Amino acid sequence: SILFMLTYISFTTKSVFLGVCIIAMIVFSFGPAILLYTLVFQQRYMGLLHLNGLFIILGVGVDDAFVIMDAYGQEKAEAQAEKRRTNFSAIMSPAAHHASKACLCTSLTTF
């Protein structure tokens, strides 16, 4: 499923580098989640149902990545239409502000 997501993200964003970065960000979240589960909550049992959580984390992460990319694209189009600055920081700041609310909603409704 990770290979499928990488292919789909790379196709959608037209960037293999961005696809690899998004998948790496999601994969690197597995380690802290397992450490939190085992060290902080003192849980030792890791059943089959727990392994399904990996797919849920992958799905939520990819969904959030698409929300952020869409917010960036919309903000860039608005900036070009209004003849504002179109450098990365001028676009990403309002896009991240909008995307953070949308990511919260999509992540909460996933569960």
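Residues numbered from 1 in each chain as written. Predicted model: local features only at pLDDT ≥ 70, side-chain atom pairs only at ≥ 80, totals over all residues. Heavy atoms only, no water.

Caption draft 1: Structural detail: the packing of aromatic side chains. Applying the stated criterion across every chain, the model contains three aromatic pairs. For the ring pair Phe4 and Tyr8, a centre distance of 6.4 Å and an interplane angle of 15° mean the geometry is stacked. You can see Phe4 and its partner Tyr8 sitting in helix α1 (residues 2-13), four residues apart, about one turn around the helix. For Tyr8, a relative accessible area of 42% corresponds to the partly exposed category. Seen from their ring centres, Tyr72 and Phe88 are 5.8 Å apart, and the 40° between their planes marks the pair as tilted. Here Tyr72, found in helix α4 (residues 48-81), pairs with Phe88, found in helix α5 (residues 88-110); they are 16 residues apart in sequence, far enough to count as distant. Relative accessible area serves as the criterion here: at 55%, Phe88 is assigned to the exposed category. One aromatic cluster is present, built from ring pairs that chain together Phe4, Tyr8 and Phe66. (Phe/Tyr/Trp six-rings, centres within 6.5 Å; stacked < 30°, edge-to-face > 60°. Helix = DSSP H or I, 4+ residues; strand = E, 2+ residues; numbered from the N terminus. Buried < 20%, exposed > 50% of the residue type's maximum accessible area, 1.4 Å probe, protein only.)

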